Structures are given as structure tokens and as C-alpha cells.
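Chain by chain, the residues run as shown.
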2 protein chains.
Amino acid sequence: MPEPVETIGERLQSSFDALTRAERQLANAILENYPVSGLGSITTLAAHAKVSTPTVVRMVRKLGFPGFPQFQAALRRELEAKITNPIAKHDTWAENAPDGHILNRFTEAVIDNIHQTLAQIDPQSFDAACALLADPKRTVFVAGGRITRALSDYFYMHLQMIRRGVTSIESRSNSWPHSLLDMEAGDVLVIFDNRRYENSTIKLAELAREQGVKIILFTDQWRSPVSRCADLCFSSRIVVPSAWDSSVVIMLLLETMIAEVQKQTWDGTRERIEALEEVFDRTRFFRKFN
Amino acid sequence: MPEPVETIGERLQSSFDALTRAERQLANAILENYPVSGLGSITTLAAHAKVSTPTVVRMVRKLGFPGFPQFQAALRRELEAKITNPIAKHDTWAENAPDGHILNRFTEAVIDNIHQTLAQIDPQSFDAACALLADPKRTVFVAGGRITRALSDYFYMHLQMIRRGVTSIESRSNSWPHSLLDMEAGDVLVIFDNRRYENSTIKLAELAREQGVKIILFTDQWRSPVSRCADLCFSSRIVVPSAWDSSVVIMLLLETMIAEVQKQTWDGTRERIEALEEVFDRTRFFRKFN
DNA sequence: GTCATTCTGTATAGATAATTACAGACCTGC
DNA sequence: GCAGGTCTGTAATTATCTATACAGAATGAC
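Model, not experiment: these values are computed from the prediction. Numbers given for residues are sequential positions, taken from 1 along each chain in its written order. Chains and ligands are labelled by the order in which they are written, letters from A for the one and numbers from 1 for the other. In keeping with the predicted nature of the model, local features appear solely for residues at pLDDT of at least 70, side-chain atom pairs appear and are counted solely at 80 or more, and the whole-chain, interface and lining totals rest on all residues. With hydrogens and water excluded, all non-hydrogen atoms of the structure serve as input to the side-chain values.

**With respect to the overall build of chain A**
Secondary structure follows DSSP: runs of H or I at least 4 residues long count as helices, runs of E at least 2 residues long count as strands, and numbering of each begins at the N terminus. Counting secondary structure elements, chain A contains 12 helices and 5 strands. Burial classification: accessible surface area is computed with a 1.4 Å probe over protein chains only, and a residue below 20% of its type maximum counts as buried, one above 50% as exposed, and the rest as partly exposed. Looking at chain A residue by residue over its 290 residues, the buried ones come to 54%. A contact between two residues is defined here by any heavy atoms of the two lying within 4.5 Å. Within chain A, counting contacts between residues at least 6 apart in sequence, those at least 24 apart form 67% of the total. Accessible area of chain A: about 13,400 Å², with a carbon and sulfur share of 51%. Per-residue accessibility takes into account occlusion by the displayed protein chains alone, with areas from the Shrake-Rupley method and a 1.4 Å probe.

**Quick word on the packing of helix H7 (residues 123–134) of chain B against helix H11 (residues 248–264) of chain B**
Residue and element names in this part refer to chain B. The convention used is that axes are lines fitted to C-alpha atoms, helices contributing only their stretch in contact, and that angles between N-to-C directions extend from 0 to 180 degrees. Between H7 and H11, whose axes approach to 9 Å, the crossing angle comes to 55 degrees. As summarised for this structure, H7 and H11 are arranged oblique, according to the angle between their axes. Judged by the twist between their axes, the crossing of H7 over H11 is right-handed. Contact residues: H7 offers Phe126, Ala129, Cys130, Ala131, Leu133 and Ala134, while H11 offers Leu253, Thr256, Met257, Glu260, Val261 and Gln264. A class-by-class count of the residues in the contact of H7 with H11 yields 9 nonpolar, 2 polar and 1 charged. An angle counts as roughly parallel when it lies under 35 degrees, as roughly antiparallel when it exceeds 145, as roughly perpendicular when it falls between 65 and 115, and as oblique in every other case. Handedness of a crossing follows from how the near helix is turned relative to the far one, being left-handed for an anticlockwise turn of less than a right angle and right-handed for a clockwise one. Throughout, the ten residues Ala, Val, Leu, Ile, Met, Phe, Trp, Tyr, Cys and Pro are labelled nonpolar, Asp, Glu, Lys and Arg are labelled charged, and all others, Gly among them, are labelled polar.

**Observations regarding the pattern of salt bridges**
The term salt bridge refers to a pairing of a side-chain nitrogen on Lys or Arg with a carboxyl oxygen on Asp or Glu at a separation within 4 Å. Scanning the entire structure with this criterion turns up 16 salt bridges over all chains. Arginine 149 of chain B is paired through a salt bridge with aspartate 153 of chain B; the nearest N and O atoms lie 3.2 Å apart. Separated by 4 residues within a single helix, arginine 149 of chain B and aspartate 153 of chain B lie in helix H8 (residues 149–162), roughly one turn from each other. Here the salt bridges share partners, and the residues they tie into one network are Asp135, Lys137 and Arg138 of chain A.

**With respect to the protein's contact with DNA strand D**
Around DNA strand D there are 18 residues in total, and Ile42 and Arg61 of chain A together with Thr20, Ala22 and Thr55 of chain B lie nearest to it. What you see for DNA strand D is that sugar and phosphate hold 72% of its atoms within 4 Å of the protein. One nitrogen or oxygen atom from the side chain of arginine 61 of chain A is found 2.7 Å from a phosphate oxygen belonging to DNA strand D. Polar contact is the term for a pair of N or O atoms within 3.5 Å; when the atoms are in protein, one must be able to donate a hydrogen and the other to accept it, and sequence-neighboring residues count only if both atoms are side-chain atoms. Between phenylalanine 68 of chain A and DNA strand D, the recorded distance is 3.2 Å, taken from a backbone N or O atom to a phosphate oxygen. If even one non-hydrogen atom of a residue comes within 4 Å of a molecule or strand, that residue is called near it.

**As for the sheet that holds strand S4 (residues 214–220) of chain A**
Residue and element names in this part refer to chain A. Whether two strands pair depends on DSSP finding at least two bridges between them. Pairing is parallel in the open sheet, where 5 strands are placed in the order S2-S1-S3-S4-S5. Strands with a single pairing partner mark the edges of an open sheet, and in this sheet they are strand S2 (166–170) and strand S5 (232–236). The average angle at which neighbouring strand axes cross in this sheet is 15 degrees, direction not considered. As paired strands, S4 and S5 are joined by 5 bridges and run parallel to one another.

**Description of the packing of aromatic side chains**
Geometry of aromatic contacts follows a simple scheme: Phe, Tyr and Trp rings, the Trp one being its six-membered ring, pair when their centres are within 6.5 Å, and the pair is stacked under 30 degrees between planes, edge-to-face over 60, tilted otherwise. Applying the stated criterion to the full structure yields 14 aromatic pairs over all chains. The interplanar angle of 80 degrees and the centroid separation of 5.6 Å between the aromatic rings of phenylalanine 65 of chain B and phenylalanine 71 of chain B together place this pair among those described as edge-to-face. Considering the side-chain rings of phenylalanine 192 of chain B and phenylalanine 218 of chain B, the 5.0 Å spacing of their centres and the 10 degrees angle between planes classify their relative orientation as stacked. Taken together, the residues phenylalanine 192 of chain B in strand S3 (residues 188–193) and phenylalanine 218 of chain B in strand S4 (residues 214–220) connect sequence positions 26 residues apart. On the basis of relative accessibility, which here comes to 1%, the residue phenylalanine 218 of chain B falls in the buried class. A connected cluster of aromatic rings, assembled from ring pairs, spans Phe126, Phe155, Phe192, Phe218 and Phe234 of chain A.

**Remarks on the sheet that holds S3 of chain B**
Residues and elements named next belong to chain B. Overall, parallel pairing links the 5 strands, which are arranged S2-S1-S3-S4-S5 in an open sheet. What marks the edges here is a single partner per strand, and that holds for strand S2 (166–170) and strand S5 (232–236). The average undirected angle you get between the axes of adjacent strands in this sheet is 15 degrees. Direction of pairing for S3 relative to S4: parallel, over a ladder of 6 bridges.

**Points about the pairing of S2 of chain B**
Regular strands place their side chains on alternate faces of the sheet. All names here are of chain B. Two strands pair when backbone bridges link them, and strand S1 (residues 140–144) and S2 are joined in this way by 5 bridges, in the parallel orientation. What sits directly across from glycine 144, in S2, is glutamate 170. Whether a crossover is right-handed comes down to one check: with the strands pointing away from the viewer, does the path from the first strand over the helix to the second run clockwise; if it does, it is right-handed. Once the chain exits S1 it traverses H8 before rejoining the sheet at S2, and the crossover so formed is right-handed.

**Remarks on the environment of isoleucine 102 of chain B**
Within the fold, isoleucine 102 of chain B resides in helix H6 (residues 102–120). You can call isoleucine 102 of chain B buried: its relative accessible area is 7%. Sequence-distant contacts of isoleucine 102 of chain B, defined by excluding residues within four places in its chain, comprise Phe126, Thr256, Ala259 and Glu260 of chain A together with Thr107 and Pro241 of chain B.

**Focus on the side chain of aspartate 193 of chain B**
Residue and element names in this part refer to chain B. Following the sequence through the fold, aspartate 193 ends up in strand S3. Working convention for charge: Lys and Arg count positive, Asp and Glu count negative, and His plus the chain ends are omitted. The side chain of aspartate 193 sits in the buried core without any salt bridge; arginine 146 is the nearest counter-charge, 9.6 Å away. A distance of 2.7 Å separates the side chain of aspartate 193 from the side chain of serine 224, its partner in a polar contact. Setting aside anything within four residues of it in sequence, one finds aspartate 193 in contact with Thr148, Glu198, Thr201, Leu217, Phe218, Thr219, Asp220, Ser224 and Val226.

**Here's the deal with the environment of tryptophan 176 of chain B**
Structurally, tryptophan 176 of chain B can be placed in helix H9 (residues 176–182). Sequence-wise, tryptophan 176 of chain B and leucine 204 of chain B are 28 residues apart; in three dimensions their C-alpha atoms are separated by 7.9 Å.

**Points about H6 of chain B**
Under the 1.5 Å per step criterion, the end-to-end length of H6 of chain B is 27 Å for 19 residues, consistent within 8% with the ideal 27 Å. Burial runs high along H6 of chain B: 14 of the 19 residues are buried. By this rule the span expected of a helix is its residue count minus one, scaled by 1.5 Å.

**Things to note about the confidence of the model for chain A**
Residue and element names in this part refer to chain A. Overall, the prediction assigns chain A a mean pLDDT of 82, with 84% of residues at 70 or greater. Confidence of the predictor in every single residue is expressed as pLDDT, which spans 0 to 100. Confidence drops under a pLDDT of 50 for residues 85–90, and excluding neighbours within four residues, the segment shows 5 contacts in the predicted structure. Between residues 281–290, whose pLDDT stays under 50, and residues either more than four places distant or in other chains, the model counts 17 contacts.

**Section: unusual backbone geometry**
Residues and elements named next belong to chain A. Phi at lysine 50 is positive, roughly 60 degrees, even though this residue is not glycine. With respect to the secondary-structure elements, lysine 50 resides in the loop between helix H3 (42–49) and helix H4 (53–62). The class of lysine 50 is exposed, set by a relative accessible area of 54%.

**Details of helix H6 (residues 102–120) of chain A**
Of the positions making up H6 of chain A, those classed as buried are Ile102, Leu103, Asn104, Phe106, Thr107, Ala109, Val110, Ile111, Asn113, Ile114, Thr117 and Leu118 of chain A. Considering only its buried residues, H6 of chain A is in contact with S5 and helix H11 (248–264) of chain A together with H6, H7 and H11 of chain B.

What follows is the structure, encoded as C-alpha cells:
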């Protein structure tokens, strides 16, 4: 019997396009915790993937197995082979790529950045920032520069869905002085500023500060000059094997913050979100769950 | 629920003396190829150990399990814990924050997402995508939807600095049909599309495809319908403990891709970058650091 | 919009597995 | 060798799982 050259996991991926919606959902559930998730009963697996058992049978057939038990047996054989040779330490992330491939080098650097950034972060500051942003009485302004524009946009978009009173400012445009007029003491200004730090951003921060605005700053490990007048400052590692800096860690932090603010304001903005959901449901691309 | 301090394997060995002849035979068979041998049916296991099925039940009861299925479930849990990546199980990332703090939970999920995404990625596709983007003869169009706008902007901005012939398209706006006119066979269209997938994005992809444009797609684990007409598709895990999805892994991939394209086009675009630097310095938007 | 096609879940029948009951086998000590 | 006990397997029962049939829902073509 010729050994299967592909693992079932790989086969699931390669034939992913040939699968239907429910089957993909199932395939993902299997890959999620591969291969253990496939070793229970068909009932368990189906329930975990939130599909019906026949769907499991159908997909397994598509993969070429006569039935679920055979599929499972194949999984066990695979696992057996994998376990006998000691599990190699995971220094490569993209297993299919050669050791020095950029995918592995880059990812390793990013993981390292996450590690170092999180080790240094002050949870009290983080919680304080979330509390400020969750306070409906404070208007929130979000500002980014040239490179950080995408980050501030991303932050703004989510926050704007979560709560009312959120405004986006482009620090480079000469329209931001107008926004300053709207700021009141106690309002919050979220600033993104990575090297090379922009003068207009610093100016904005200083002026806002004078009006009693609370400033939350996301910056890099060398810290933007804005940090001098920021109430809360979060600095992230951004160095990667690239000509450019990485925004991954900053994005991780801001997504985490959004998750927390969302949670804290859930009661007050539930309706807001649900209205939004309804609009999305119209697209009918996604299955509804109860 | 108190965690079991001993593994089932250890328990088998420590209570080996309390077992009967047939049970020892069975215990040995289980340990022979641990733990996979215990994951089949009770019948298979009994046959393999050359004992009867009731013997299996009796021994399992001696170990303290109510029945064979529970024993097997415990084996699976054990296995699961064993094969999950040690890096992903680094529970506390922000050491100063309490265990269940959102910073730790969120980061853990993201690391897990990175791990799973990279494990599934096809390096050949990745390299092929980089080659397409590094080819100066091909014009590149970058398109994003509502949520993915920030990502496509970020990608566009970097690519635009690296090379000439890069255009940004907003899939929602009704201006994109004009961009279609500019597309020629062999050009490249980079599309970002996460759930919930947008109809206008799909339409754009189809029309571009008809014109012989190469399509590179960044999507989520469930894959946008665009994947059907994409030449290269990169799907990332995006689920985190939040009401929203995470873009971190997608950003990681696109940054890596930018790093590689930059490297490949370095000779040709060195001047471009230097000219850019000079412009920025002249406008004095940025403070100079040494 | 309407129709054909494909997909997906419910219900159910069929298969298999897990457990129990029980009787014979095997020790052990006299 | 035989009585008391334990151990073990066979066979029957029960529970659970797997596969199928079919109908309703979703999708895609016109």
C-alpha cells in the first residue's frame, strides 16, 4: 500500500475550494484543533462544527473515504506516525516553507515583538484607556499621520460602530485646527504616531492638551515626542526584517482595546450594534446562528 | 473541576500491580503505542490486546472512569494538550496583568491564529504573489471593502512607495468601474475581503478576471466567494475573543509580502525611495532624528 | 421574479459499539 | 482433589453512533 503523500489536513486545505459552505465550516473545525477534534464521534464533531452529521459524512466521502470510521482510522494512523518521531520544536512557523524563508523570519520577529511589548505594558494604563473610551460623556477624536493613517482609520471605524461621538482627524490636513474648536475639557484624543514623528501631530497634541483633552498615544518603542503630553502611552516594538516597520503589534493592542470597550459599553450600545447587524444580514452571505 | 495531575499513562503504570493478568496485558497494549492505540473502538482495542471487551471495561473502571467513552475522552484531552504548540500555550503574555485579563486572552488567540494560518499557507503561492507584485511591467490595483479598507490602504501606501504603477480602488464607491477600463491583461488586482463579503467586491473581481487580470486575494478562514476567481488566495484566521474579527494576521502577511517585494525590487526603486525621502525632508513634515 | 439545481438539516433505519449477566475457567489453600 | 474465591470470556442487551432518505431552504440562471 502506497503511503498517502498528503496528510488529511493538507487534503482538507487543497480541496477546500471544492467544498460547500457547511463543509468548509466543518473543515475549519477539524483544522482548528487538528487532528484531535476528528477523533471523537461523528456526532460530537458535527455538533462542534455546528453542522449536521450527514454533512460530515458527505465531506468525508468527498475526501475519498468510504465512511466516517475509515476517515477516523486514517487520522489515527497519521497521528501515530507523527507521535512516534518526537515532535520537533516549533521554530518554523510556515512548515512548508524552507527555514530561512521570509515568512518564517518575519513571523518570528513579530512574535518576538508581541512578546516584548506585552511584557512591558502596564495593564492599569490599558484599563484606564478603556474606561476613558467607554465613557459616553466624552467625545473621542482619533488622529493618525502618514503611515499610521490606516491604523487610526481602523480604530476609528470600529469605535464609531461601538459608540456615538467619535471623530476622525487627519493630522496632515490643514482642516484639523477646526476639530480643535470642538474639543472640550475631558474629551479624549487618540493619537497614532510612529517614527518618523510628524510635527503636525505634535502640534495637535499640544494644543489639545491645553484645552484639557485627555490624550491616549499609540507609538513605537522609541516613543513619539507626543508622549510628553500624553496621559496614557502605549509603545510597541515595530522592528522586523524589512525596509519598513511593522504595525502588527499596534494593531493587536488596538483590537484588544476595542474588544474591551465594546464589552464595557455593550448595554448602552446593543441596539446600535443590532441595527448594524440587520443591515449586514441583508447581504445573506453568512449563515444565521441562533 | 480539579485537573488530573497524572496522565493516564502514568496512572496505568502506577496501578499496574493492582491489575489482573488480562488487564496487564491490556495495559501493555495501550502503553505500547500510547495514546493512539486507545483511541479506536473498545472492540479494536480488546482484539489488539487479545483480551475481551469486558476486560477493557473493568480495567477502565479500576482507573476511575465510569465507562470506556469517558476514558477515551480523557485520552483525547491529554493528547490535545500535548500536541498544541507550546508557544501558543504561553498563557500569560502581559505578565503584569491578571491571568484572565483581556490582554492575555486576546493575545493568546492572535498567536494561535498566526500559528494556524502560517501552518496552512502555501509558500509557493506566496512567492508567486511576490513575483507578480515585483514585476514592473504589471500595473497593480489594490481594492478593499468596508472593514478591509484600512488594510488595503496600508498595503497600497507601502507598495506605492516601492514601485510605480499602483492604484487604489474603493470597492464600495461607484467609481471603480472606471478603474476597470485601465486594467490590461497581465495586470494584478489585490483584493481584501473578509466576512461579511461584499457583493461589489465580488463583481469587481469577476469583471477584472474577464479582462485577464491576475487576482491576489487576502481573505478569512471561510474564504470570500472571490476565491473562486482568484489566482492566488491567502486565508487567515481572524477569530478572537471580541465582538469583532481580528486583522492582525492579515496585516502580518501583507507586511511580509511588502518586505519581500521591496527586497526584490530594491535596485530598481532605490532612487524612488531616496527621492521620496528628500521630498519629505523638504516639506519638513517630519522631524529629523539622527 | 420564476424555475432548476444544489445544498443542508431532520428523522429514521441500520450498524456498531459499550455494557451487563452469567457461566465456566483458573487459581489457591487446604 | 475439592471448596472458595477470583478472574475471564461468551452471549445478550442496551446505548450510541453512522448512514440514508427525503423534504425544505438556499442559490444560481434566465
